[in-house]
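# An overview of the molecular structure
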Amino acid sequence: MAKLVRKFSALAGAAIAISLIGVVPATAQEEAPAAYEIAPVAEGLDHPWSLTFMPDGSLLIVELSGQIGVMRDGVLADEPVAGVPEVYFESQGGLFDVELDPDFAENSLVYLSYAHGTPKSNWTRVARARFDGEALTDLAVIFDATPAKDTPVHYGGRIAFLPDETMLVTIGDGFDYREEAQNLGSHLGKIVRIGRDGRALADNPFAGREGALPEIWSYGHRNQQGLVYDAASGRVYEHEHGAQGGDEINVIEPGKNYGWPVITRGIDYSGARISPFTEYEGMEQPIVDWTPSIAPAGMTIYRGDAFPEWQGDIFVGALAAQHVRRVKMENGEPTGEEVLFSELGKRIRDVRTGPDGNLYLVTDGEGGSVLRVTPAR
């Protein structure tokens, strides 16, 4: 792949409608666009889904099909990581996130989220294992979402760690089970908070409530494929797919109801209305809504030195729209948006900030790639 150099506004020629909730439109924000270069890191991948940066400088490339590739010194190892559990690889199901324990340097622990089961009975699972750079050992399942479902879609599967030694996991609504997002007796359509050993936590908002699952942290979600804890602000940001319209970025707080499917700006794929409501008492509003949909996937809050003008902004991959959406942030509020990297013409599955301060993109599907975005020289 040839190196791409961009020295023009990424908004030029963009024809994608956006809707921000009570913010200044992007056209009101005057700034010089960042100049960047894009170069391939790895190519020819099988449905790459996410990235993990290792302390030794190596890179783990997670493929939905159930493999983890290791890249060291710019070279992808011939053999994938051994000991990866069997995943249910079908449609949107497979291996999702692989995240390092915050104390990885001391305990060598990693966490994996993946689809598990059969076509008639499958669910989102989280396991923990030790990783020595080549293989996973001592693998133990620490969380299974319940109930099982018979659809190979809407798993969620994003992991984020909180500073209190707990972790969050997104669980999608299973598509055909959207009403379960409002049912506190089901994990579907929820974000759960568990200990790093998988235990339910006594200080979760619904712990001890009759009929409620103790792991639930927030509810009323559809299919959440972006989840970030921002240490600088102490906020948790999440994004999720709507149906046709109604893609959202939310600030997640414990115990809150984010509305799906009672409130939405999207419509069903049949063309029918999902709900007459776009707001309802006791249900949270997103900070950003995308209608029509961009199909968001992956998310990072940029905290690096390579692009000072991007500091603190949210970057979201877009599958259907085939670009990265930069949401400009000031004092915790969105102030505008910029379309980036549309020149690639690729579905963007993940976007991450590297330890080197550069931005890393994952393109979707068979023959997917990992790309590095650096300042133009």
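Right, let's walk through the structure included here. (Residues numbered from 1 in each chain as written. Predicted model: local features only at pLDDT ≥ 70, side-chain atom pairs only at ≥ 80, totals over all residues. Heavy atoms only, no water.)

Turning our eyes to something else, we now look at the overall build of the protein. Helix and strand content of the protein: one helix and 26 strands. For the protein, the spread of C-alpha atoms along the principal axes amounts to about 60 × 50 × 40 Å. Expressed as a percentage of its 377 residues, the buried residues of the protein come to 57%. Sequence separation of 24 or more characterises 59% of the internal contacts of the protein that already satisfy a separation of 6 or more. For the protein, the exposed area adds up to about 15,200 Å²; of that, 48% sits on carbon and sulfur atoms. Each charge class in the protein can be summarised by its mean position, and for the 31 positive and 55 negative side chains these summaries are 2 Å apart. (Helix = DSSP H or I, 4+ residues; strand = E, 2+ residues; numbered from the N terminus. Buried < 20%, exposed > 50% of the residue type's maximum accessible area, 1.4 Å probe, protein only. Contact = heavy atoms within 4.5 Å. Areas by Shrake-Rupley, 256 points an atom, 1.4 Å probe, with all protein chains shown as cover. Lys, Arg positive; Asp, Glu negative; His and termini not counted. Charge placed at Lys NZ, Arg CZ, Asp CG, Glu CD.)

Moving on, we get to the sheet that holds strand E4 (residues 48-53). An order of E4-E5-E6-E7 is seen for the four strands of this open sheet, with the pairing classed as antiparallel. Two strands close off the open sheet at either side, each with one partner strand: E4 and strand E7 (75-76). Two elements, E4 and strand E5 (residues 59-63), share five bridges in a ladder whose sense is antiparallel. Looking at the pairing, Ser50 lines up with Val62 of E5. (Pairing = 2+ DSSP bridges.)

With that out of the way, let us pick up the pattern of salt bridges. Under the counting rule described, the total for this entry stands at 22 salt bridges. Put simply, Arg158 and Asp97 hold a salt bridge, and the shortest N to O gap is 2.8 Å. Taken together, the residues span a long stretch of sequence, with Arg158 in strand E12 (residues 156-161) and Asp97 in strand E8 (residues 95-100) at a distance of 61 residues. The shortest N-O distance in the salt bridge between Glu253 and Lys256 comes to 2.8 Å. Residue class for Glu253 comes out partly exposed when judged on its relative accessible area of 39%. If you follow the salt bridges from partner to partner, you end up with Asp97, Glu99, Arg158, Asp350 and Arg352 in one network. (Salt bridge = Lys/Arg side-chain N within 4 Å of Asp/Glu carboxyl O.)

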